[in-house]
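Survey of secondary and tertiary structure
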Amino acid sequence: MNIFRLIGDLSHLAAILLLLLKIWRSRSVSGISGKSQLLFAGVFLTRYLDLFFVFVSLYNTVMKLVFIATSCLTCYLIYRRFPATRDSNQDTFRAEILVIASAGLACLINHEFSPLELLWTFSIYLESVAILPQLFLISKTGEAETITSHYLFALGSYRALYILNWIYRLVVEGQYDVIAIAAGCLQTALYADFFYLYVTKVLKGRAMSLPA
């Protein structure tokens, strides 16, 4: 494992912990897209099915279990523990379109037409667009809380660091995955406006809002 992947994983974990901290401290899920969180849970549940068949390392196994558990916990808090605080009237992005499109693309463009490979490919495509309901919610409500902005920045940083990880693996190890790289670049691009606003507003103590 190289340093870019390690820091990327830690940034991803930090993003999830920031989100859970926000929910637990405020006892509210306002400003958080339940649809995005359901999509992320779907990403982890379909990607990490190899836990039952392949052992890579203790680190790999623990991180996969943590991501599955925390994503499911987040969905539980949103839809079961604090449902009255959910922005149901604003969280209206058609997330099912993303699922259908990702599934269709996985069937068309994949490395191998087998169940586990199709599910892995589906998770890669779905993760690249899973943040869209969250960004859509922020654009509708007008602005994001500071801690929610920190969560999104950490999440976007994770994907940006993974691009550096892929570059490192290509240069040093001669290995690359076109599907993962293309999807990761798309996902990072979706954060472009957010990164700019985060640096120019949030880091200066101002509220952040996305254009409608």
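Our subject is the structure listed above.
This text gives an overview of the structure that appears in the document. (Residues numbered from 1 in each chain as written. Predicted model: local features only at pLDDT ≥ 70, side-chain atom pairs only at ≥ 80, totals over all residues. Heavy atoms only, no water.)

With that out of the way, let us pick up the overall build of the protein. If you tally the helices and strands in the protein, you get 9 helices and 0 strands. In the protein, the order of α-helices and β-strands from amino to carboxyl end is α-α-α-α-α-α-α-α-α. Relative to its full complement of 212 residues, the protein shows a buried share of 46%. Across the protein, every contact between residues at least 6 apart in sequence was considered, and the portion connecting residues at least 24 apart equals 75%. Summed over its atoms, the accessible surface of the protein is roughly 10800 Å², and 67% of this surface lies on carbon and sulfur atoms. Within the protein, one finds 17 positive and 13 negative side-chain charges whose respective centroids are separated by 9 Å. (Helix = DSSP H or I, 4+ residues; strand = E, 2+ residues; numbered from the N terminus. Buried < 20%, exposed > 50% of the residue type's maximum accessible area, 1.4 Å probe, protein only. Contact = heavy atoms within 4.5 Å. Areas by Shrake-Rupley, 256 points an atom, 1.4 Å probe, with all protein chains shown as cover. Lys, Arg positive; Asp, Glu negative; His and termini not counted. Charge placed at Lys NZ, Arg CZ, Asp CG, Glu CD.)

A few words on helix H8 (residues 178-190). If you check H8, its first and last C-alpha atoms are 19 Å apart, about what 13 residues at 1.5 Å a residue would give, namely 18 Å. When we look at burial in H8, the residues that qualify are Ile179, Ala180, Ala183, Gly184, Gln187 and Thr188. On an axial view of H8, the arc spanned by its buried residues comes to 155°, and they lie on one face. The N-terminus of H8 is capped by Asp177, whose side-chain oxygen sits 3.0 Å from the backbone nitrogen of Ile179. (Expected span 1.5 Å × (residues − 1). Arc of directions from axis to C-beta. Polar contact = N/O pair within 3.5 Å; in protein donor to acceptor, adjacent residues only side chain to side chain.)

For Tyr59, the position within the fold is in helix H3 (residues 58-81). The exposure class assigned to Tyr59 is partly exposed, which follows from its relative accessible area of 28%. Those residues in contact with Tyr59, other than ones at most four positions away along the chain, are Met1, Leu6 and Asp9. Within the structure, the side chain of Tyr59 is placed 2.8 Å from the side chain of Asp9, a separation counted as a polar contact.

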